[in-house]
Amino acid sequence: MSTQVPSLVPGLAGIPAAESAVSFIDGQQGILEYRGHRIEVLAQRSNFEEVTWLLLHGELPTAEELTGFRAELASYRELPQGVVEMLSKLPADGHPMAALQAGYAALGMHCEGKLCARGDDIAQIIAATPSLVAAFARLRRGEEVIAPDSALDTAGNFLWMLRGEKPGEIEQHVLDTALVLHADHTMNASTFTARVVGSSEADPYTVCASAVGSLKGPLHGGANERVLAQLEGIDSPAAVKVWLDTQLHEKGKVMGFGHRVYKTKDPRATILQGLARELFEKTGTTPIYDVALALEAAVLERLGERGIYPNVDFFSGIVYQKLGIPTDIFTPIFAMSRVAGWLAHWHEQMADNRIFRPGQIFIGSHGAQYSEIDSRG
Ligand code: ACO
């Protein structure tokens, strides 16, 4: 009887890793839904707290549920002092994603079953993420940590705790919408990481610390930082074509373009582009935006027929820069939002858990002979 050896699918492209009802993508048509709701509608009419509830519970909250959830988040925003002290001792030139990873681990040690034992790790983690990011951003500059303001929502609080000045309405709106857009995206690398780590019954702080590690890489969340560096490296819209020719000739990737699932423009990129336009109209434009538009047109001409279009990261950096956010905080903002999706998937995983243990295709050798150390060549 012959046993059929399954063939390897690099990157597990298209291989289902779980059954999930959290979000849905149609990559050909550019459709994204959270729990059946189209992203365009949520971006226009909802907000990050409501979307977080939706992802976690499967339904939109009632007014009472939303008020209760907001109050719960507000009660968890302030970091335990021990976590702030730990953040203050990290190298100031270290990456904020590494600080966030350490922050989650420390938060778990301080909170799990101890100081914050009110039984809701999920609200604790979601509420504390912007506080961890803002605290490290200030501590590394030798500045005091700013206490959260219970009158502000997640986006408003983050800008307040980061910059120490109350954000304007348009700034809050733009960041809140960006958080809505990044909150979940089916089985991406960091969500898969969260599910794998959760499947071993690790606690949710560890789950999120692991997912942050996965999100940090430049092929995933880390792309938004690189997009800005890329755009800043192009002198003007007129220089775009030559830059692109060189990049493609050297087999380089154009950051902010391409996606494993979307073969058309990422709907989140379209919404973020609209937000960028709105922000620039109200607060003044930036030359980088014109370079970005020229690059989008040039990439479309060269790579469009291969299904390589702008992804969510292409416009997010331009927007965050305009909000006065340092470049290395862009990916942590992604994490501030995606933590909602990670925890929704963790919940789903734990409801019907089996530890992940995939197979492999062995390509090594057998029968190796052990030799003593001084006789090895
Ligand atoms: N620029 C130039 N060429 C590209 C790009 C790009 N951005 N993306 C894909 N290609 C080309 C590849 O060179 C490859 O060409 P080849 O077949 O001639 O070797 C082909 O398209 C397939 O590319 P893969 O990298 O194999 O596609 P995959 O589905 O594995 O990767 C990914 C998707 C990682 C997003 C890729 O498009 C990429 O590296 N993009 C740039 C980084 C980026 O923007 N990442 C953010 C993704 S969105 C997110 O995580 C939020």
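What counts, and where the lines are drawn
- Residues numbered from 1 in each chain as written.
- Predicted model: local features only at pLDDT ≥ 70, side-chain atom pairs only at ≥ 80, totals over all residues.
- Heavy atoms only, no water.
- Helix = DSSP H or I, 4+ residues; strand = E, 2+ residues; numbered from the N terminus.
- Rg over C-alpha atoms; globule rule 2.2 N^0.38 Å.
- Buried < 20%, exposed > 50% of the residue type's maximum accessible area, 1.4 Å probe, protein only.
- Contact = heavy atoms within 4.5 Å.
- Lys, Arg positive; Asp, Glu negative; His and termini not counted.
- Charge placed at Lys NZ, Arg CZ, Asp CG, Glu CD.
- Domains from an automatic or database assignment.
- Buried area = accessible area lost by both parts, 1.4 Å probe.
- Salt bridge = Lys/Arg side-chain N within 4 Å of Asp/Glu carboxyl O.
- Polar contact = N/O pair within 3.5 Å; in protein donor to acceptor, adjacent residues only side chain to side chain.
- Near = heavy atom within 4 Å.
- Areas by Shrake-Rupley, 256 points an atom, 1.4 Å probe, with all protein chains shown as cover.
- 1 Å grid on protein atoms, 1.4 Å probe; cavity = no way out; pocket = protein on both sides within 12 Å on 5 of 7 lines; lining within 4 Å.
- Sits in = over half its atoms within 2 Å of the grid points.
- Nonpolar A, V, L, I, M, F, W, Y, C, P; charged D, E, K, R; others polar.
- Phe/Tyr/Trp six-rings, centres within 6.5 Å; stacked < 30°, edge-to-face > 60°.
- Lys NZ or Arg CZ within 6 Å of the ring centre and 35° of its normal.
- Axes fitted to C-alpha atoms, helices over the stretch in contact; angles between N-to-C directions.
- Left-handed = near helix turned anticlockwise from the far one by under 90°.
- Points joined across faces, edges and corners; volume = space filled by probe spheres on them.

1. So, the overall build of the chain
What the chain contains, in helices and strands, is 16 helices and three strands. For the chain, the C-alpha radius of gyration of 22 Å lies close to 21 Å, the compact-globule estimate for 377 residues. Looking at the 377 residues of the chain, the share that counts as buried comes to 49%. Counting contacts in the chain only where the partners sit at least 6 residues apart, residues at least 24 apart contribute 74% of the total. Side chains of the chain give 32 positive and 45 negative charges; the mean places of these two sets differ by 4 Å.

2. Here we look at the domain arrangement of the chain
For the chain, the domain assignment lists domain 1 (20–217 + 326–351) and domain 2 (223–322). Taken over C-alpha atoms, the centre of domain 1 sits 25 Å from the centre of domain 2. Facing 29 residues of domain 1, the contacting portion of domain 2 comprises 26 residues. When the two sides are added together, the surface that domain 1 and domain 2 hide from each other amounts to roughly 2200 Å², 70% of it contributed by carbon and sulfur. In this assembly, domain 1 and domain 2 are joined by zero salt bridges. Counting across the interface, domain 1 meets domain 2 through six residue pairs in polar contact (both at pLDDT 80 or more). Contributing elements (two or more residues each) for the side of domain 1 that touches domain 2: β1 (23–26), β2 (31–34), α1 (39–45), α8 (169–182) and α16 (330–351).

3. Some words on the site of the ligand
The full set close to the ligand counts 19 residues, and K253, V254, G256, F257 and R260 are the nearest of them. Between the ligand and the protein, one listed contact pairs an oxygen atom with a backbone N or O atom of G256 at 2.9 Å. Side-chain polar atom of R306 to an oxygen atom of the ligand: 2.9 Å apart, as the coordinates give it. Contact with the protein chains hides 67% of the accessible area of the ligand, taken as 910 Å² for the molecule alone. Judged by the fraction of its atoms near the pocket grid, the ligand is located in the largest pocket. Its residues assigned to classes, the shell around the ligand comprises nine nonpolar, six polar and four charged.

4. Some thoughts on the packing of aromatic side chains
Two numbers describe a pair of aromatic rings. These are the distance of the centres and the angle of the planes. Applying the stated criterion across every chain, the model contains seven aromatic pairs. Ring plane angle 70° and centroid distance 5.6 Å describe the contact between W53 and F69, whose orientation is recorded as edge-to-face. Of this pair, W53 sits in helix α2 (residues 48–57) while F69 sits in helix α3 (residues 63–76), placing them 16 residues apart in sequence. F69 matches W53 in its accessibility class, with the two residues each being buried. An aromatic cluster is defined as three or more aromatic residues linked by ring pairs; in this entry it consists of F257, F280, Y289, F314 and F315. The aromatic ring of W160 is capped on one face by K166, whose charged end is 4.3 Å from the ring centroid. It is R376 that lies over the ring of Y370; its NZ or CZ is 5.3 Å from the centre.

5. Describing the pattern of salt bridges
With the rule as written, the count across this model stands at 13 salt bridges. A salt bridge links E171 to R163; its shortest N-O distance comes to 2.9 Å. Between R195 and E348 there is a salt bridge, with the nearest N and O atoms lying 2.9 Å from each other. Here R195, found in helix α9 (residues 189–199), pairs with E348, found in helix α16; they are 153 residues apart in sequence, far enough to count as distant.

6. Considerations on α2
Note: α-helices contain 3.6 residues per turn, so residues at a spacing of three or four share the same orientation. Summarising burial for α2: nine of the 10 residues are buried, a large majority. Here α2 has its buried residues at F48, E49, E50, V51, T52, W53, L54, L55 and L56. At the N-terminal end of α2, a side-chain oxygen is found 3.3 Å from the backbone nitrogen of E49, two or three residues along, and the residue is N47. Residue G58 follows α2 closely and has a positive phi angle near 90°.

7. Brief notes about the packing of α8 against α16
The N-to-C vectors of α8 and α16 enclose an angle of 60°; their axes lie 8 Å apart at closest approach. Seen from above, α8 lies across α16 with right-handed handedness. For the pair α8 and α16, contact is made by L175, L179 and H182 and by I333, F334, M336, S337 and R338, respectively. Per-class residue counts for the contact of α8 with α16 are five nonpolar, two polar and one charged.

8. Side note on the layout of surface pockets
Its boundaries defined by the atoms lining it, the largest pocket holds a volume of some 1600 Å³. Along the wall of the largest pocket there are 46 residues; nearest its centre are N188, L219, H259, R260 and V261. Broken down by secondary-structure element, the contributors of at least two residues to the lining of the largest pocket are β1, α9 and α16. Taken together, the residues of the lining of the largest pocket break down into 23 nonpolar, 15 polar and eight charged. Three or more residues apiece are contributed to the lining of the largest pocket by two domains, here domain 1 (20–217 + 326–351) and domain 2 (223–322). Taken together, 25 residues line the second largest pocket, and the ones lying closest to its centre are I15, P16, A17, F356 and P358.

9. Some points on the environment of N224
You can see N224 is positioned in helix α11 (residues 223–232). Counting along the chain gives 168 residues from N224 to L56, while the straight-line C-alpha distance between them is 26 Å. With residues up to four places along the chain from it excluded, the contact list for N224 reads D313, S316, G317, Y320, F330, T331 and F334.

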